[in-house]
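# Inside the fold
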Amino acid sequence: MSLIPTCTLLMARTRAMELYANNWHYIYGFKHSDNPVTKTKIDQLAKLYPATFSANYIKKAYGLIGSNAIDCSGLVCYTLGISDIGSAQILENAYGSNYYQVVDYDDRLLYSDKAGMILWKKGHVGFYMGDHVVIEARSMEYGVTTSKLTDSWRGWEKLIIPLYVGDNAYDNIGWNRDAEGWWYAYGHNSGEYYKSEFAEIDGKTYAFNEHGYCVRVPNVEYDEDGEVTRVYGGIVV
């Protein structure tokens, strides 16, 4: 299972727009690879999620057999080019990955037109196209549709900022400094910085802790094979 984005930003926006333009429907639990809709898949999901798949819901889902349907997390996973997971797992994965940044929802970040962000709230996710427009698989009534950030009822809680293919996580190769201290990027891609290790740079040896910050007078922990497992100490600021 891969949860690292495999799409460029352009590809992600194109995928989201295709789902919207082609009038994809909504069925809870459906992912892009489940299509077209079949009775077998509906029945499988009905057994997994009986609280959602009432008799009336199943009847409506049967009416979509042969067409295409997707749910909110399925839409986001497809646009990012990652394995299918639920909306809660999308946030959990983002918190633990170098390929995403998670911040509290703030209209100002989106009004700067940072297309490609994922909007999250408990039980739902959407894809930000830019220009205040969100594409989301909303419900069986609406299918894949658009909404505006000015729709106050949306109630978004988090912004998930993916690192798309072709993005540079670090503009400056070499020494960098932030509010915490000094760190060293040896590549443009996310995660390409020294951490929990010693590195020789310009003929000198430096120590970096588990968060990537350069430390002075380092303390070192080793595993049973003598490999460095942890480096810690006072951060060089």
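Preceding this section is the structure that the text describes.
Residues numbered from 1 in each chain as written. Predicted model: local features only at pLDDT ≥ 70, side-chain atom pairs only at ≥ 80, totals over all residues. Heavy atoms only, no water.

The next point concerns the overall build of the chain. Looking only at helices and strands, the chain has six helices and 12 strands in total. In summary, the chain has a C-alpha radius of gyration of 22 Å against a globular reference of 18 Å for 237 residues, an excess of more than 25%. Structurally, the chain occupies a C-alpha span of about 70 × 45 × 25 Å along its principal axes. Per-residue burial for the chain yields a buried fraction of 43% across its 237 residues. Counting only carbon and sulfur atoms, one obtains 49% of the accessible surface of the chain, whose full area is about 12700 Å². (Helix = DSSP H or I, 4+ residues; strand = E, 2+ residues; numbered from the N terminus. Rg over C-alpha atoms; globule rule 2.2 N^0.38 Å. Buried < 20%, exposed > 50% of the residue type's maximum accessible area, 1.4 Å probe, protein only. Areas by Shrake-Rupley, 256 points an atom, 1.4 Å probe, with all protein chains shown as cover.)

Another point: the packing of helix α1 (residues 9–21) against helix α4 (residues 72–80). Axis separation between α1 and α4 bottoms out at 8 Å; the angle between their running directions is 140 degrees. As the angle between them shows, α1 and α4 are arranged oblique. Relative to α4, the crossing made by α1 is right-handed. On α4, the residues touching Ala12, Arg15, Ala16, Glu18 and Leu19 of α1 are Leu75, Tyr78 and Thr79. Within the contact of α1 with α4, the residues separate by chemical class into five nonpolar, one polar and two charged. (Axes fitted to C-alpha atoms, helices over the stretch in contact; angles between N-to-C directions. Parallel < 35°, antiparallel > 145°, perpendicular 65-115°, else oblique. Left-handed = near helix turned anticlockwise from the far one by under 90°. Contact = heavy atoms within 4.5 Å. Nonpolar A, V, L, I, M, F, W, Y, C, P; charged D, E, K, R; others polar.)

Moving on: the pattern of salt bridges. The tally for this structure, following the rule as stated, stands at five salt bridges. Ionic pairing is found between aspartate 34 and lysine 41, a salt bridge with its closest N-O pair at 3.6 Å. For the salt bridge of glutamate 221 with arginine 230, the shortest nitrogen-to-oxygen distance reads 3.5 Å. (Salt bridge = Lys/Arg side-chain N within 4 Å of Asp/Glu carboxyl O.)

The geometry of helix α2 (residues 39–48) relative to helix α3 (residues 55–62) is characterised by a closest axis approach of 10 Å and an angle of 160 degrees between their N-to-C directions. When the axes of α2 and α3 are compared, the pair comes out roughly antiparallel. Our pair here, α2 against α3, has a crossing hand that is right-handed. Facing Lys39, Ile42, Asp43 and Ala46 of α2, the residues of α3 in contact are Ile58, Ala61 and Tyr62. Of the residues contributing to the contact of α2 with α3, the split by class is five nonpolar, no polar and two charged.

Attention now goes to the pairing of strand β10 (residues 204–208). Look at any regular strand and the pattern is simple: side chains alternate between the two faces of the sheet. Sheet analysis places strand β9 (residues 197–201) next to β10, joined by five bridges and oriented antiparallel. Bridging from a neighbouring strand, glutamate 197 pairs with phenylalanine 208 of β10. The sheet contact formed by β10 and strand β11 (residues 214–222) spans two bridges and is antiparallel. Looking at the pairing, alanine 207 lines up with valine 215 of β11. Hairpin geometry of β10 and β11 is characterised by an intervening segment of five residues between the two adjacent antiparallel strands and by a positive phi of about 95 degrees at glycine 212. (Pairing = 2+ DSSP bridges.)

Cis geometry is adopted by the peptide bond preceding proline 36, which originates at asparagine 35 and carries an omega value of 0 degrees. Structurally, proline 36 is set in the loop between α1 and α2. Here the phi dihedral of asparagine 23 falls at roughly 60 degrees; this positive angle occurs in a residue that is not glycine. Even without being a glycine, histidine 132 presents a positive backbone phi close to 70 degrees. Secondary-structure assignment places histidine 132 in the loop between β3 (124–130) and β4 (133–139).

Without other data, these values stay purely geometric and don't point to any function.
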